[in-house]
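Chain and residue survey
Residue strings, one per chain:
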Amino acid sequence: MQLHFSPSMRSITISSSNSNGGFGELMKIKVAARHFSYRTLFHTILILAFLLPFVFILTAVVTLEGVNKCSSFDCLGRRLGPKLLGRTDDSKQRLVKDFVKILNQVNSEEVPAGLKLPESYSQLVSEMKNNKYSAKEFALMLKGMMDRSEREIRESKFAELMNKHFAASAVPKGIHCLSLRLTDEYSSNAHARRQLPSPELLPLLSEKLLHHFVLSTDNILAASVVVNSAVRSSLKPEKIVFHVITDKKTYAGMHSWFALNPVSPAIVEVRGIHQFDWLTRENIPVLEAVEGHYGIRKYYHGNHVLGANLSDTSPRSFASKLQARSPKYISLLNHIRIYLPELFPNLDKVVFLDDDVVIQRDLSPLWDIDLKGKVNGAIETCKGEDEWVMSKRFRNYFNFSHPLIAKHLNPEECAWAYGMNVFDLHAWRKTNIRDTYHSWLKENLKSKLTMWKLGTLPPALIAFKGHVHPIDPSWHMLGLGYQNKSNIEDVKKAAVIHYNGQSKPWLELGFEHLRPFWTKYVDYSNDFIKNCHILE
C-alpha cells in the first residue's frame, strides 16, 4: 500500500499492489485549495496513517479466521463491525444456553446405576472422542464423576476425623516411657519415695492463708508443666500449694517426679484416688456405675462409625460427637472436681486447674476476687465471635428435644468453662450441687445418654446453675487445642492459656506455632525427659 502526493499537493492517491506486480489505484482524494489548508491536509494524512495499519491488521485477522474474501468495504464492515463493538456470535450464545439447559435437566435426574464412569478427565475426553456421546450423555457422565468425587472426599474427611480421634485418645510413646521409668524409680530409689511434702510442711496443706491449687491428672509431663508454669509466673511462689490428684496406676510415677524435681519454695502434695477415705462406693455410686456399665463403656470405647448415618451428618457434627466420646469422660479423675468440698474439708478456697493449661501470669489476685456468695468463679463462653469456643450456650450442649431438658433448661442461657475455676468451698458446702450432679447423671443413664453430648461439663452446667460468678475473660483463654488461628498477641497476654480440644501440645497433632508456649516449661535437661525422647 502506497500514498502518492501530486506535485501541486492538490490530490492524494492511495494505491495497492496487484497480482501482476504493479500498483492499482485504490482511492484518490482531490483537495480544493480554497477549502483545505495545508495544516488541515497534514492532520488528515496523520489520521489516515494511524488508521490504515489497524484496518490492515483486522482484515488479516478476518482472513486467517476463514472468512470468505470481501470484495468491498461494505462486506468488510459487516465482518468487522461486531468485533469492533465487542459483540459475540449468536450461534455461540445459543450453544451455551442449550448446554446449560441440558445440565439443569440432568441435575434433577439420577445417574443410572449401571453407568460406567471414567476414572479420570483424560479418560473422559478419550471416550468422548471414540464414542461421540451426546450432550446429555456427557452431562450424565460429568455428574456421576462429580458425585463420586464428593463421596470419596466426604469419606476421607470422616476417616481423617476418626484417625485424629484415636491419635488424641492414645498415650504417646514418650509419655508412656516417662511413666514407666518413674514408676521403676519409685521402687528402686528411696529418694523418689520420700514424703511429699516433708513432715515439717504438712500443716501448710490446710493453711487457709496460702494459695491452694488442685490438679487432677494421670499425665506426669502435663502436670509438671502446669506446676512449673504456675511457680515461675508467680510473684509469691512461697504461698503456692499444689494438691496433685492422680489414679492408682500413675501414683508411683507422679510421686517420683515431684520428689526428684522439687519446685521450692512452692509446696507439692501428690495423692492417689485410692488414698482418699471419702471416695468410697457409698459416696460415689453413680460414677461407679458410669465406669463399670457395659453399655457406657461400649459407647465410649466402641466403634464410633458402626450404625452411624454419615450421609446425614456433617463433618463438624461428627467431630463434635467424637469429642463427646473421649474415654476421659468416664474417668473418675475427670469427675473428681465435684467432690472438692469433701476431699479438702479444711480449705475454704481453691483454684482448680485442668492438666492442659499453662499459667503465664501471677494468679494471686484470683484469691482476692469477691464471688458475691457464689460458688464457682469462671469465664463465660457465650460472648465471643469464635463459634468453636466463645459462642457457647446451653443449646450447644444439651438435647432440647428431650422433655426433661426442655422443661428445666433455657437454650439461650450462657455457658461457662472448666479449666481454670475459683471455687469457694465454704459456700459450696451450703448447697446441694453434688446431689444435683448425681441426679442428672442418673437421668442421662436412664435416657441412654441422649440428654447431652459432652461428658462432664453439661451436668456441671446444671448442678452449678445459679452458683456461677463470671470473671474477666483475660484470666482464661480457651481453644488452643481446637484451632490454629488463635491470635498470638491474645495468647501472649492471657493469664492462663487452655489447650482444650484434641490438638494437645504434647501430641504430634498439636499446632506447631502454639506448642512453644507449652514446651518452654518442659525441662529438656532432665534425664528422664531425655531418655524417653519427649517430643523429639
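Thresholds, definitions, all that
Per chain, residues are indexed from 1 in the order of the written sequence. Since the coordinates come from a predicted model, pLDDT governs what is reported: local features require at least 70, and pairs of side-chain atoms require 80 or more to be given and counted, while whole-chain, interface and lining totals use all residues. Processing note: side-chain calculations cover all non-hydrogen atoms of the structure and skip hydrogens and water entirely. UniProt positions are given in the numbering used here, feature names are shortened, and annotations may be inferred rather than shown by experiment. As used here, the term nonpolar core means buried Ala, Val, Leu, Ile, Met, Phe, Trp, Tyr and Cys residues forming a set that is joined through side-chain atoms within 4.5 Å. Burial here depends on accessible area, computed with a 1.4 Å probe over protein chains only, as a share of the maximum for the residue type. Under 20% is buried, over 50% is exposed, and the range in between is partly exposed. Note on conventions: DSSP H or I runs of at least 4 residues are helices, E runs of at least 2 residues are strands, and numbering of each starts at the N terminus. The contact criterion used is simple: two residues touch if any of their non-hydrogen atoms lie within 4.5 Å. When two cysteine sulfur atoms are found within 2.5 Å, that pair is recorded as a disulfide. DSSP bridges decide pairing: two strands pair if at least two such bridges lie between them. A side-chain nitrogen of Lys or Arg and a carboxyl oxygen of Asp or Glu constitute a salt bridge if their distance falls within 4 Å. Clockwise travel from the first strand over the helix to the second, with the strands pointing away from the viewer, marks a crossover as right-handed.

An unreviewed UniProt entry lists the protein under the name Hexosyltransferase, with Nicotiana sylvestris as the source organism. Per UniProt, the protein has the following entry under Subcellular location (unreviewed entry): "Golgi apparatus membrane". Turning to the protein, the UniProt record has this under Sequence similarities (unreviewed entry): "Belongs to the glycosyltransferase 8 family."

A separate point is the nonpolar core. If you look at the biggest cluster of nonpolar residues, it comprises 67 residues, and the most contacted ones within it are Leu178, Leu221, Phe242, Phe258, Leu353, Leu366 and Ile497. Looking at this core, the element that brings in the most residues is helix 7 (residues 220–233), giving nine residues. Not counting the four nearest positions on each side in its chain, Leu178 is found in contact with Ile220, Leu221, Trp257, Phe528, Ile529 and Cys532. Formed by 44 residues, the second largest nonpolar core is a distinct cluster that contains Val214, Ile273, Trp440 and Trp452.

All told, the structure shown has two disulfides when counted by the stated rule. Two residues share a disulfide in this structure: Cys177 and Cys532, whose sulfurs sit 2.1 Å from each other. An S-S torsion of about -70 degrees defines the bridge between Cys177 and Cys532 as left-handed. Taken together, the residues span a long stretch of sequence, with Cys177 in helix 6 (residues 173–188) and Cys532 in the segment after helix 20 (527–531) at a distance of 355 residues.

This next bit is on the pairing of strand 10 (residues 420–424). Burial analysis of strand 10 places five of its five residues in the buried class, the great majority of the element. The side-chain alternation of strand 10 yields two buried faces, one formed by Met420, Val422 and Asp424 and the other by Asn421 and Phe423. Sheet analysis places strand 7 (residues 349–353) next to strand 10, joined by five bridges and oriented antiparallel. Opposite Val351, over in strand 10, you have Val422 as the bridge partner. The pairing of strand 9 (residues 376–378) with strand 10 spans two bridges and is antiparallel. Across the sheet, the residue bridging to Gly377 is Val422, located in strand 10.

Turning to the environment of Val241, a few remarks are in order. When you line up the elements, Val241 lands in strand 5 (residues 240–246). Beyond its immediate chain neighbours, meaning those up to four positions away, Val241 contacts Leu204, Leu205, Leu210, His211, His212, Phe213 and Ile267.

Taken in spatial order, the three strands line up as 8-13-12 in an open sheet, and their pairing is mixed. Lying at the two open borders of the sheet, with one neighbouring strand each, are strand 8 (357–359) and strand 12 (476–477). Direction of pairing for strand 12 relative to strand 13 (residues 496–498): parallel, over a ladder of two bridges. Residue His476 lies in a different strand from strand 13, and its bridge partner there is Val496.

A separate point is the pattern of salt bridges. For the structure shown, the criterion picks out 16 salt bridges. A salt bridge links Lys249 to Asp247; the shortest N-O distance between them is 3.5 Å. For Lys249, a relative accessible area of 61% puts it in the exposed group. Among the residues examined, Asp247 registers a relative accessible area of 16% and is labelled buried. Glu412 is paired through a salt bridge with Arg395; the nearest N and O atoms lie 2.6 Å apart. Taken as a pair, Glu412 in the loop between helix 14 (403–408) and strand 10 and Arg395 in the loop between strand 9 and helix 14 lie far apart in primary sequence, 17 residues in all. Taking relative accessible area as the criterion, Glu412 reaches 42% and is therefore assigned partly exposed. A single network of salt bridges, built from pairs that share partners, joins Lys208, Asp348 and Arg429.

Along strand 6 (residues 267–272), five of the six residues are buried, which leaves the element largely enclosed by surrounding structure. In terms of strand pairing, strand 5 meets strand 6 through six bridges, oriented parallel. Bridging from a neighbouring strand, Val241 pairs with Ile267 of strand 6. At this point the chain moves from strand 5, through helix 8 (residues 248–260), to the parallel strand 6, and the crossover so formed is right-handed.

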